[in-house]
Amino acid sequence: YLRLTVAPGRDEADVSATLRHDGLSYAGDHLGRLPAVIGVRLARTFDVWSPARATRLEAAIGDRDLATYRAGVVAYFLLLPLAAWGAVLVRRRRTASLAILLAPVVLVVVVSALGYGTPRFRVPAEIPLVVLAAVPIARVRA
C-alpha cells in the first residue's frame, strides 16, 4: 500500500501513474474474462444480476427507503414486456423513429460495458421505456 500513497517525493500524478499502470497490466492479463465482465456489468445495470442485493446497495448508497426502491424495481420489470411490445408496434407502424427512443438505451449499454455496472446508469433508458410501454396501453384503450 505504500506505493499508492502520496508521500514526500511522490505526488498525486505519481500515484495516478502507478495505479494506471497496475490497472492496465491487470486488465491485459485477464483479457479472456472481458466478455463475462461486460455481461455481468450489463446484468447489474438492468437489475438482472442479483436484484435483491443490488436494491439493498442502491438504497444504502442513495439513502433511500428500501421498500420504495424495491417497488420501483418491480414496476421496472412490469414495464419491460410492455415496452418490448411497444417497440414492436412502433417498428411495424413506421410512423415514428424507433432509433430516437433506443438511443438512450444504447448509451446506457455502452457506459455500463466500458465503466462498471450499476442500476443508476439505467436512468436515461427508463424514459423511453415508459414511452414505449405507453404505446400498447394506448392501443388497447383506442
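Note that the coordinates shown come from a computational prediction; the quantities given were computed from them, not determined experimentally.

1. Considering the packing of aromatic side chains
1) Next: Under the definition given, this model contains two aromatic pairs.
2) Next: The interplanar angle of 55° and the centroid separation of 5.0 Å between the aromatic rings of Y116 and F121 together place this pair among those described as tilted.
3) Next: The positively charged end of R122 is found above the aromatic ring belonging to Y76, 3.9 Å away from the centroid.

2. Some words on helix α3 (residues 51-61)
1) Next: Three or more residues of α3 are buried, namely A54, T55, E58 and A59. The arc that holds the buried residues of α3, viewed along the axis, is 130°, so those residues lie on one side. Seen from the buried face of α3, the exposed residues on the opposite side, beyond 90 degrees, are R53, L57 and A60.
2) Next: For α3, the elements touching its buried residues are α4 (66-93).

3. Notes on the environment of W49
1) Next: For W49, the position within the fold is in the loop between α2 (34-45) and α3.
2) Next: Separated by 25 residues in the primary sequence, W49 and V74 have C-alpha atoms spaced 14 Å apart.
3) Next: Among all residues touching W49, those that are not within four sequence positions of it are V40, A43 and R44.

4. What to know about the nonpolar core
1) Next: The biggest cluster of nonpolar side chains holds 14 residues, and the ones touching the most others in it are A83, V90, L98 and L132.
2) Next: Where this core is concerned, the elements lending two or more residues are α4, α5 (98-114) and α6 (123-141).
3) Next: Among all residues touching L98, those that are not within four sequence positions of it are A87, V90, R91 and L132.

Cut-offs applied
Residues numbered from 1 in each chain as written. Predicted model: local features only at pLDDT ≥ 70, side-chain atom pairs only at ≥ 80, totals over all residues. Heavy atoms only, no water. Phe/Tyr/Trp six-rings, centres within 6.5 Å; stacked < 30°, edge-to-face > 60°. Lys NZ or Arg CZ within 6 Å of the ring centre and 35° of its normal. Buried < 20%, exposed > 50% of the residue type's maximum accessible area, 1.4 Å probe, protein only. Helix = DSSP H or I, 4+ residues; strand = E, 2+ residues; numbered from the N terminus. Arc of directions from axis to C-beta. Contact = heavy atoms within 4.5 Å. Core = buried A, V, L, I, M, F, W, Y, C linked by side-chain atoms within 4.5 Å.

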